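So the chains spell out like this:
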Amino acid sequence: MVGPSCTHVMPSGRLCRATPLRDEPFCFWHSPETAEEAADARRLGGLHRRKKKTVGAAFGFRGLRTVEDNQALLETAAIETLALENSVGRNRALAGYASIGAKLIEVGDLEDRLAVLEAATRAAGPAVEADERDDEP
Ligand SMILES: [Zn+2]
């Protein structure tokens with residue numbers, strides 16, 4: 001069963017088809033009733049995207065997808081925390097960074113060792129299956 005959908009015609013000529021507001025033919029983004037809120041939301045979205053780019057560039061943040069990315073963020077956080085006035089809270093945070101950093105080193109080391117093993121396995125060629133060995137004379 002398909003419920004009602006937004007009847008706004010997109011620039012491509014297709015219908016929007018998003019879930020409409022209650023008792024309205026249009027969704028939040030296309031209803032004249034919510035046009036102002038939708039414009040604010042679009043503007044805020046643009047501001048957040050620009051802020052994300054600017055702050056990311058200022059701190060050299062590349063994301064959290066690799067061990068190296070995570071280590072870079074941890075190093076930035078550690079440096080920023082080191083620059084704070086000495087306190088029990090600062091030292092707890094630094095101890096936490098050291099603990100997480102040690103785990104990241106371990107994960108990075110395991111990734112490297114796995115890559116070496118995978119390369120060696122590929123170089124050795126396909127493994128002979130047990131039932132293939134049984135068929136040999
Ligand atoms: Zn719509």
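Residues numbered from 1 in each chain as written. Predicted model: local features only at pLDDT ≥ 70, side-chain atom pairs only at ≥ 80, totals over all residues. Heavy atoms only, no water.

### Considerations on the overall build of the chain
Right, so step 1: Of the regular secondary structure elements, the chain holds 4 helices and 0 strands.
Right, so step 2: When the elements of the chain are put in sequence order from the N terminus, they spell out α-α-α-α.
Right, so step 3: For the chain, the C-alpha radius of gyration of 27 Å lies well beyond 14 Å, the compact-globule estimate for 137 residues.
Right, so step 4: Projecting the C-alpha coordinates of the chain onto the three principal axes gives extents of approximately 75 × 70 × 25 Å.
Right, so step 5: Put simply, 14% of the contacts in the chain that link residues at least 6 apart link residues at least 24 apart.
Right, so step 6: Total accessible area on the chain is roughly 11400 Å²; 58% of this is exposed by carbon and sulfur atoms. (Helix = DSSP H or I, 4+ residues; strand = E, 2+ residues; numbered from the N terminus. Rg over C-alpha atoms; globule rule 2.2 N^0.38 Å. Contact = heavy atoms within 4.5 Å. Areas by Shrake-Rupley, 256 points an atom, 1.4 Å probe, with all protein chains shown as cover.)

### Concerning helix H2 (residues 67–82)
Right, so step 1: Here H2 contains 16 residues, and its C-alpha end-to-end distance of 22 Å stays within 8% of the 22 Å for a straight helix at 1.5 Å per residue.
Right, so step 2: Among the residues making up H2, those that are buried are Val-67, Asp-69, Leu-74, Ala-78 and Thr-81.
Right, so step 3: Residues of H2 that are buried sit in contact with helix H3 (88–124). (Expected span 1.5 Å × (residues − 1). Buried < 20%, exposed > 50% of the residue type's maximum accessible area, 1.4 Å probe, protein only.)

### Thoughts on the domain arrangement of the chain
Right, so step 1: If you check the domain split of the chain, you get domain 1 (1–59) and domain 2 (63–135).
Right, so step 2: If you average the C-alpha positions of domain 1 and of domain 2, the two centres end up 39 Å apart. (Domains from an automatic or database assignment.)

### A closer look at the environment of His-8
Right, so step 1: Looking at where His-8 falls in the secondary structure, it is placed in the segment before helix H1 (35–59).
Right, so step 2: Taking relative accessible area as the criterion, His-8 reaches 25% and is therefore assigned partly exposed.
Right, so step 3: Considered as a pair, His-8 and Val-116 are 108 residues apart in the sequence and their alpha carbons are 55 Å apart.

### Describing the packing of H2 against H3
Right, so step 1: Taken N-terminus to C-terminus, the directions of H2 and H3 make an angle of 160°; their axes are 10 Å apart at the nearest point. Classified by the interaxial angle, the pair formed by H2 and H3 is roughly antiparallel. Of the two possible hands of crossing, H2 and H3 adopt the one that is left-handed. Contacts between H2 and H3 involve Val-67, Asn-70, Gln-71, Leu-74, Ala-77, Ala-78, Thr-81 and Leu-82 on the former and, on the latter, Arg-90, Ala-93, Leu-94, Tyr-97, Ile-100, Gly-101, Leu-104, Ile-105, Val-107, Gly-108 and Glu-111.
Right, so step 2: Partitioned by chemical class, the residues of the contact of H2 with H3 number 12 nonpolar, 5 polar and 2 charged. (Axes fitted to C-alpha atoms, helices over the stretch in contact; angles between N-to-C directions. Parallel < 35°, antiparallel > 145°, perpendicular 65-115°, else oblique. Left-handed = near helix turned anticlockwise from the far one by under 90°. Nonpolar A, V, L, I, M, F, W, Y, C, P; charged D, E, K, R; others polar.)

### Overview of the coordination of the zinc ion
Right, so step 1: Protein-derived ligands of the zinc ion are Cys-6 (SG), Cys-16 (SG), Cys-27 (SG) and His-30 (ND1), with the metal-ligand distances lying across 2.0 to 2.4 Å.
Right, so step 2: Given 4 donor atoms and angles of 98 to 116° at the metal, the environment of the zinc ion is assigned as tetrahedral.
Right, so step 3: Binding-site remark: the zinc ion is held by donors from one chain whose sequence spacing is C-x9-C-x10-C-x2-H. Here Cys-6, found in the segment before H1, pairs with His-30, found in the segment before H1; they are 24 residues apart in sequence, far enough to count as distant.
Right, so step 4: You can call Cys-6 buried: its relative accessible area is 0%. (Donors = N, O, S within 2.8 Å, 3.2 Å for Na, K, Ca; no water. Tetrahedral: all angles 85-135°; square planar, octahedral: opposite > 155°, others 65-115°.)

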